[in-house]
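What the coordinates show
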Amino acid sequence: MASAKASEDAFISLSPGDSEPRQVYKLMTGIIVPRPVALVSTVDSDGVANLAPFSFFTGVGSVPPTLLFCPVVRARGLGAGNDLRKDTLRNVEQTGEFVVNTVSDQISAAANRTAAEVAPEVDEFELSGLTPQASELVRPARVAESPAQMECKLLQVIYTSREPGGGVIVLGEIVRFHIRKDLVDNFRIDPDGLDAVGRMAGNTWARTRERIELTRP
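The following refers to the structure shown. Remember, it's a predicted structure, so these values are computed and weren't measured experimentally.

**Focus on the pairing of strand S3 (residues 49-54)**
It is a general feature of regular strands that their side chains alternate between the two faces of the sheet. Burial of S3 is extensive: 5 of the 6 residues sit out of reach of the surface. Sheet topology note: the strand S2 (residues 38-43)/S3 ladder contains 6 bridges and is antiparallel. Pairing of Thr42 across the sheet is with Asn50, part of S3. A loop of 5 residues connects S2 with S3, the two strands running antiparallel in sequence, and Gly47 in this loop sits at a positive phi of about 90°.

**A short note on the pattern of salt bridges**
Pairing between side chains of opposite charge can happen when their charged atoms approach one another. Considering all chains together, one arrives at 11 salt bridges under this definition. Between Glu93 and Arg85 there is a salt bridge whose closest N-O contact spans 2.7 Å. Of the residues examined, Glu93 reaches a relative accessible area of 31% and is grouped as partly exposed. The salt bridge partner of Glu117 is Lys86, with a shortest N-O separation of 3.6 Å. Here Glu117, found in the loop between helix H3 (108-113) and helix H4 (124-128), pairs with Lys86, found in the loop between strand S5 (65-69) and helix H2 (87-95); they are 31 residues apart in sequence, far enough to count as distant. In the salt-bridge network here, residues are joined through shared partners; they are Asp105, Asp195, Arg207 and Arg209.

**Points about H2**
Counting buried residues along H2, 7 of its 9 residues qualify, which places the element largely inside the surrounding structure. All of the buried residues in H2 are Asp87, Thr88, Leu89, Arg90, Asn91, Val92 and Thr95. In this structure, the buried side of H2 is in contact with S2, S3, S5, strand S6 (97-102), strand S9 (148-159) and strand S10 (168-179). Looking one or two residues beyond H2, the residue adopting positive phi is Gly96, at roughly 75°.

Conventions and cut-offs
Every chain is numbered independently, its residues counted from 1 as its sequence is written. Where totals are concerned, whole chains, interfaces and linings use all residues; where local detail is concerned, this predicted model gives features only for residues with pLDDT of at least 70, and gives and counts side-chain atom pairs only at 80 or more. Hydrogens and waters are ignored; side-chain quantities use all the structure's heavy atoms. Note on exposure labels: buried denotes an accessible area under 20% of the residue type's maximum, exposed denotes more than 50%, and partly exposed covers the range between, all computed with a 1.4 Å probe on protein chains only. Every helix listed is a DSSP run of H or I at least four residues long, and every strand listed is a run of E at least two residues long, numbered separately from the N terminus. If DSSP finds at least two bridges between two strands, the strands pair. Criterion for a salt bridge: a side-chain nitrogen of Lys or Arg within 4 Å of a carboxyl oxygen of Asp or Glu. By definition in these notes, contact holds between two residues if any of their heavy atoms fall within 4.5 Å.

This is the structure:
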């Protein structure tokens, strides 16, 4: 049964234009939950590895198999040239390749360590203690400890804004799936074995072990 309709005075209405970008970000990350986490591995043009988590992430379609993740334009640059792009975005734009690694509960703490703002020459595989594993069709390595990985070729990059806080949509075509054998049966994934985690607001993450079944009408 649907819940009772709330009265209008039970709501607060806010215009994004009247709020600071950081306040708008807090609203979005508090409302858009839970968000799956893409642990994205890339390499730069010199072959330096990068690994970073993104929770503005989802699938797009299956023909061709397409996904997206969304880096945010930084408020300040790191490294030479004061580049406001995150290392992941810069690498993808340089090479046109990336890997999305599923974050299970077992590797969530390690994945979180890769969110640190460090210089471009720092290898987050070493920082996090995660293990690089060679991909088959793209240059960036996969995360060996991840239960499922998707090798991707860049389709398109869309900037909603180039100002600090602006979003960037990175669209990629999945060219290879890697799934732990015990997790897949006739193309169906075992959610208990995958044990994926998601992001809530702030420092809060969510597990996916408690679920409900609703039959589509």
